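So you can see what is in the structure, the chains are spelled out below.
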Amino acid sequence: SSLPALPDANYPEGAVVFLTTDDKLYRSTGSSWTASVPAADLAGQITTTQISDNAISTPKLAAGAVTTAKLAAGAVTANELAANSVVAGKIAAGAVTANEIAAGAIITSKLAVGDTQNSFRDSNMADPSLWTLETGWSFQNDTNPQWLYSRVLQSDGTLTYSTYGPWTEIEQDTPYLLSLKMTFLSSGTVEVYCVDDSTTTLIGSINAIGTYHLPFTTPINARRIRIAFRRAAGSGLLNLGNFYLRRRNTGELIVDGSITANKLTALELNAITGTFGGGSNKTGIDNKGVRVYDSSGAVAVALGDIGGLQWGGGSFAAGTYGLWGKLGAGVYLRGAPRRVAFFARLSVDHSIPAVNNGASLTYYPDILNNTFSPAYVKQGNGMRLYAKVTPLRYGHSVAGVVIERVEVYTQYGNSTSYWTDWADIPNGTTLDRVHVRAVIQVRNVSGANVGTTISNHRYDVEVFEIEE
């Protein structure tokens, strides 16, 4: 019922006893009892019931011991996967479909759309005969994984000299994108050029460690180019590599009709035809110009080709261009004069003095001294009065007579103004009389009829309002 004390001559090393209290065999080591059996001495199999829960820890598993066949279906979930543990190479072709992509998970910056073919000839720098290496430039092997081809174009620090890459066939006047990587030991600036058979164009200057993407447009009439690199500044070794040249913007991300007017914010729109606004009040743009419609749906204002729109008793001919408005529409220019009414339009006879042959005369006749009839009496409302004088005879201009300036002054009540280019009518006053005089120059020229009374002179007095 208990194990004898050791050491004991009756139980030398190797002696075996059976303990009835736990039904186990014990072996004497000479100084103690042990129930353990070396694994090498075991025969048969160990079943799952003989293995305690949690008895097998990770260090007890041999590399490769757990295979997919040993994993229960659904046993590995997202919680069992470490962050970033699933890489693209571990995803089966066709495994990710639209159903597996969350709404909004793919954004534009994550899409590569366009020509993915690398047009940079000998981008792995395997054939030096295709390159033109000048002083200070060479090819070097570099197994750093940052380089795609384990090879770099190296500058030793010598300035001003250039290296020319291989000739590459391209499409003329076409947007391209050059990508490359630069590293250096101390500092450096490299100028990158696009060279064709007749021109050299700077497309970028790079001066920091990193990957660059340089957009440029190939020259017109060019059929081939080569990329050139010039060490412009810095010292010490500088490496260039990972050259990649492709056309830009050859793919389409936008489905036809997917951009509507309310999605646009633009400084310039080209080739736009359409209608803005709804219902009757709207604005239309087409190849004729701009049309603004009123609440009845009729054109209220038009700018551009106004052919077919009403004018007088008819309409404009096709191809007539201008600014048109329906009756009641106006042109409003802040701070500009706007004619609001005529005070009078009178014909006044006035003689013109004789002038010697080849001479001229300037005089100041007071040609209109008028007392307005009740029909012309106006209440002042802060308007400004102007006058226009046109010398006519039988409806035609008079040779040798030039109106240089027209002046007016007014009388209202006991007040008079001075001769000026205009006369202000104060608020609340009644205009009694207006005087108009002209600064007239008479020249004795061929065809001039001077020294006689010229009848049918028409003097226009117009009222203008300055709108502030």
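For the structure itself, look to the data block above.
So, about the overall build of the chain. Secondary structure assignment for the chain yields zero helices and 34 strands. Within the chain, buried positions represent 28% of all 468 residues. Expressed as a percentage of contacts within the chain between residues at least 6 apart in sequence, the contacts between residues at least 24 apart total 65%. Carbon and sulfur atoms form 51% of the exposed surface of the chain, whose accessible area is close to 30,100 Å².

Within the largest apolar cluster, 28 residues are counted, with the highest numbers of intra-cluster contacts made by Phe229 and Leu240. Only β5 (137-141), β9 (175-184), β10 (189-195), β11 (200-206), β12 (210-217), β13 (224-233) and β14 (238-247) provide two or more residues apiece to this core. With five residues, β9 is the largest single contributor of residues to this core. Counting 10 residues, the second largest nonpolar core, distinct from the first, contains Ala387, Val408, Val434 and Ala438.

Across the sheet, which stays open at both edges, the three strands sit in the order β1-β2-β3 with antiparallel pairing between neighbours. Of all strands in the sheet, those bounded by a partner on one side alone are β1 (16-19) and β3 (33-34). In terms of strand pairing, strand β2 (residues 24-28) meets β3 through two bridges, oriented antiparallel. Directly across from Ser28, in β3, lies its bridge partner Trp33.

Ordered in space as β5-β6-β14-β9-β12, the five strands form an open sheet in which the pairing is antiparallel. On the outer flanks of this sheet lie β5 and β12, each paired with one strand and no other. Across the sheet, the axes of successive neighbouring strands diverge by a mean angle of 35°, strand direction being ignored.

Tallied over the entire structure, the rule returns eight aromatic pairs. Aromatic pair Trp311 and Phe316: ring centres 5.3 Å apart, planes at 25°, arrangement stacked. Three or more aromatic residues link up through ring pairs in this structure, and these residues are Phe120, Trp131, Phe139, Phe229 and Phe243. In this arrangement the basic side chain of Lys282 is found over the ring face of Tyr293, its NZ or CZ atom lying 5.5 Å from the centre.

To continue, consider unusual backbone geometry. Cis geometry is adopted by the peptide bond preceding Pro7, which originates at Leu6 and carries an omega value of 0°. Here Pro7 lies in the segment before β1. One non-glycine residue, Ser150, adopts positive backbone phi at about 55°. If you trace the backbone, Ser150 turns up in the loop between β5 and β6 (151-155). The exposure class of Ser150 is partly exposed, given its relative accessible area of 33%. Its identity is not glycine, yet Asp173 carries a phi of approximately 50°, on the positive side. Along the chain, Asp173 turns up in the loop between β8 (168-169) and β9.

Another point: the pattern of salt bridges. Per the counting criterion, the structure on display carries four salt bridges. The closest approach of N and O atoms between Asp294 and Lys326, which form a salt bridge, is 2.7 Å. With a gap of 32 residues between them, Asp294 in the loop between β17 (289-293) and β18 (299-305) and Lys326 in the loop between β21 (321-325) and β22 (337-347) connect regions that are remote in the sequence. With a relative accessible area of 13%, Asp294 lands in the buried category. In this structure Lys326 comes out as partly exposed when scored by relative accessible area, which is 33%.

Here Tyr412 is to be found in strand β29 (residues 401-412). Here Tyr412 falls in the buried class, since its relative accessible area comes to 18%.

Attention now moves to the pairing of β17. The pairing of strand β16 (residues 283-286) with β17 spans four bridges and is classified as antiparallel. What sits directly across from Gly284, in β17, is Arg291. Strand direction decides the pairing type here: β17 and β18, joined by five bridges, are antiparallel. Its bridge partner lying in β18, Tyr293 is registered against Val299. Taken together, β17 and the strand that follows it, β18, pair antiparallel across an intervening segment of five residues, in which Gly297 is found at a positive phi of about 90°.

Our next topic: the layout of surface pockets. The calculated volume of the largest pocket comes to roughly 210 Å³. Val301, Trp311, Leu323, Trp324, Gly325, Lys326, Leu327, Gly328, Ala329, Gly330 and Val331 together form the lining of the largest pocket. Looking at which element gives the most residues to the lining of the largest pocket, the answer is β21, with three residues. Considering only residue class, the lining of the largest pocket consists of seven nonpolar, three polar and one charged.

The next point concerns the pairing of β10. Sheet faces and side chains relate simply in a regular strand, where the side chains alternate between the two faces. Counting buried residues along β10, seven of its seven residues qualify, which places the element largely inside the surrounding structure. Residues Thr189, Glu191, Tyr193 and Val195 point to one face of β10 and Val190, Val192 and Cys194 to the other, with burial holding for every one of them. Across seven bridges, β10 lies against β13 in antiparallel orientation. Bridge pairing links Tyr193 to Ala228 in β13. By the bridge criterion, six bridges tie β10 to β11 in an arrangement that is antiparallel. Across the sheet, the residue bridging to Val192 is Gly204, located in β11. Where β10 folds back onto β11 in an antiparallel hairpin, the turn is made up of four residues.

Rules used throughout
Residues numbered from 1 in each chain as written. Predicted model: local features only at pLDDT ≥ 70, side-chain atom pairs only at ≥ 80, totals over all residues. Heavy atoms only, no water. Helix = DSSP H or I, 4+ residues; strand = E, 2+ residues; numbered from the N terminus. Buried < 20%, exposed > 50% of the residue type's maximum accessible area, 1.4 Å probe, protein only. Contact = heavy atoms within 4.5 Å. Areas by Shrake-Rupley, 256 points an atom, 1.4 Å probe, with all protein chains shown as cover. Core = buried A, V, L, I, M, F, W, Y, C linked by side-chain atoms within 4.5 Å. Pairing = 2+ DSSP bridges. Axes fitted to C-alpha atoms, helices over the stretch in contact; angles between N-to-C directions. Phe/Tyr/Trp six-rings, centres within 6.5 Å; stacked < 30°, edge-to-face > 60°. Lys NZ or Arg CZ within 6 Å of the ring centre and 35° of its normal. Salt bridge = Lys/Arg side-chain N within 4 Å of Asp/Glu carboxyl O. 1 Å grid on protein atoms, 1.4 Å probe; cavity = no way out; pocket = protein on both sides within 12 Å on 5 of 7 lines; lining within 4 Å. Points joined across faces, edges and corners; volume = space filled by probe spheres on them. Nonpolar A, V, L, I, M, F, W, Y, C, P; charged D, E, K, R; others polar.

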